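One-letter residues, chain by chain:
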Amino acid sequence: MAPIDRKGIWPPYEAFYIEAMVFCTTTALQAEARVSQHLELGATFAPESPDWNSSAYAIVDGIQVIAQQAAALSRYFWPSRSHEPHKSRAIHLRQGLAVSDDSPLQNRDLRNHLEHFDERLDEVATTGLVGVVLPTYVGPRLEDPQVPATLFRAYYTDTGEFEVLGHRFAMQPIADEITLLDARLRECARNGMRLPSSRGA
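Parameters at a glance
Residues numbered from 1 in each chain as written. Predicted model: local features only at pLDDT ≥ 70, side-chain atom pairs only at ≥ 80, totals over all residues. Heavy atoms only, no water. Helix = DSSP H or I, 4+ residues; strand = E, 2+ residues; numbered from the N terminus. Buried < 20%, exposed > 50% of the residue type's maximum accessible area, 1.4 Å probe, protein only. Contact = heavy atoms within 4.5 Å. Areas by Shrake-Rupley, 256 points an atom, 1.4 Å probe, with all protein chains shown as cover. Lys, Arg positive; Asp, Glu negative; His and termini not counted. Charge placed at Lys NZ, Arg CZ, Asp CG, Glu CD. Core = buried A, V, L, I, M, F, W, Y, C linked by side-chain atoms within 4.5 Å. Pairing = 2+ DSSP bridges. Salt bridge = Lys/Arg side-chain N within 4 Å of Asp/Glu carboxyl O. pLDDT = per-residue confidence, 0-100. Phe/Tyr/Trp six-rings, centres within 6.5 Å; stacked < 30°, edge-to-face > 60°. Axes fitted to C-alpha atoms, helices over the stretch in contact; angles between N-to-C directions. Parallel < 35°, antiparallel > 145°, perpendicular 65-115°, else oblique. Left-handed = near helix turned anticlockwise from the far one by under 90°. Nonpolar A, V, L, I, M, F, W, Y, C, P; charged D, E, K, R; others polar.

Let's talk about the overall build of the protein chain
For the protein chain, the helix and strand inventory stands at 6 helices and 4 strands. Oriented by its inertia axes, the alpha-carbon framework of the protein chain measures out at about 65 × 40 × 30 Å. Sorting the 201 residues of the protein chain into buried and exposed places 40% on the buried side. Long-range pairs, those at least 24 residues apart, make up 61% of the contacts in the protein chain between residues at least 6 apart in sequence. Summing over all exposed atoms, the protein chain offers an accessible surface of approximately 11,300 Å²; the carbon and sulfur share of this is 54%. The centroid of the 19 positive side-chain charges in the protein chain is displaced by 11 Å from the centroid of its 26 negative side-chain charges.

Okay, structure coming up:
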């Protein structure tokens, strides 16, 4: 049988992409709910108490899950490889789900940082660390120039930023975009697992 020469995604196959992306959005939204719960609980804990430390780890774990799922979603819309069939698939999905090029999911810095996290970690481990070293931190941004700090993972409650090895990312726009995308994907699921542009095809 000769290979199929097709641009974009054949409408019956859209279901596979919808299902795959719903996994990403669902996982991210579940993590966001856990983060919110632990942030609320944390207000009742004394700083550095065992309960607060446990919540701090749950918070940064959840934020990292959201970031990782955002990076996974990003690859569906802006693939690493720009040749066919990936390019046409990405255009098809962006148009079908109304995802614009200024979407927070398009953030290549976040995506590259997470995809090459092992290499970033090597760089930190081989160059040496100075000042206070914190593996996990949740709280307001640390702005004391007298005491430099190296943060492995941190979530700043005053700015909503996630920091990983010195790189900071605003998480609320990403979370909002995932919520919006999840709603669009679930609408597709209710309408025969088809993108709006393919319904009736």
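Quick look at the environment of Leu 121
Along the chain, the position of Leu 121 falls in helix H5 (residues 117-127). Leu 121 sits in the partly exposed class, given a relative accessible area of 33%. Setting aside residues up to four positions removed in sequence, Leu 121 forms contacts with Phe 152 and Leu 165.

Structural notes on the nonpolar core
Of all hydrophobic cores here, the largest spans 41 residues; its most connected members are Ile 63, Phe 77, Leu 97, Leu 105, Ile 178 and Leu 181. Of all the elements in the fold, those that place two or more residues in this core are helix H1 (14-42), helix H2 (50-77), helix H4 (108-115), strand E3 (161-164) and helix H6 (172-190). Of the residues forming this core, the biggest block, 12 residues, is contributed by H2. If we ignore the near neighbours within four places in the chain, the residues touching Leu 181 are Thr 25, Leu 73, Phe 77, Leu 97, Val 99 and Leu 105.

Re the pairing of strand E4 (residues 167-170)
In the sheet, E3 pairs with E4 via 4 bridges, with the strands oriented antiparallel. Its bridge partner lying in E4, Glu 163 is registered against Arg 168. From the end of E3 to the start of E4, which pair antiparallel, there are 2 residues, and Leu 165 there has a positive phi angle of about 50°.

Looking at the environment of Gly 139
Mapped onto the secondary structure, Gly 139 falls in strand E1 (residues 132-139). Gly 139 gets classed as buried once you look at its relative accessible area, which sits at 7%. Taking C-alpha positions, Gly 139 is 14 Å from Ser 54, a pair spaced 85 residues apart along the chain. Among residues more than four places away in sequence, those in contact with Gly 139 are Tyr 155, Tyr 156, Thr 157 and Asp 158.

Re the pattern of salt bridges
All chains considered together, the criterion is met by 7 salt bridges. With a closest N to O distance of 3.7 Å, Arg 94 and Asp 101 form a salt bridge. Across the pair Arg 168 and Glu 163 runs a salt bridge whose closest N-O atoms are separated by 2.8 Å. Note on Glu 163: relative accessible area 7%, which makes it buried.

A short note on the confidence of the model for the protein chain
The predicted model of the protein chain has a mean per-residue pLDDT of 86, with 90% of residues at 70 or higher. In the predicted structure, residues 1-5 sits below a pLDDT of 50 and forms 0 contacts with residues beyond four places in sequence or in another chain.

A few points about the packing of aromatic side chains
Evaluated as defined, the whole model comprises 5 aromatic pairs. Members of the aromatic cluster, each reached through a chain of ring pairs, are Trp 10, Tyr 13 and Phe 16.

Describing the packing of H2 against H4
Between H2 and H4, the least distance of the axes is 9 Å, while the angle of their chain directions is 110°. Viewed along their axes, H2 and H4 adopt a mutual orientation that is roughly perpendicular. The hand of the H2/H4 crossing is left-handed. From H2, Ala 67, Gln 68, Ala 71, Ser 74 and Arg 75 reach across to H4, where they touch Leu 110, Arg 111, Leu 114 and Glu 115. Taken together, the residues of the contact of H2 with H4 sort by class into 4 nonpolar, 2 polar and 3 charged.

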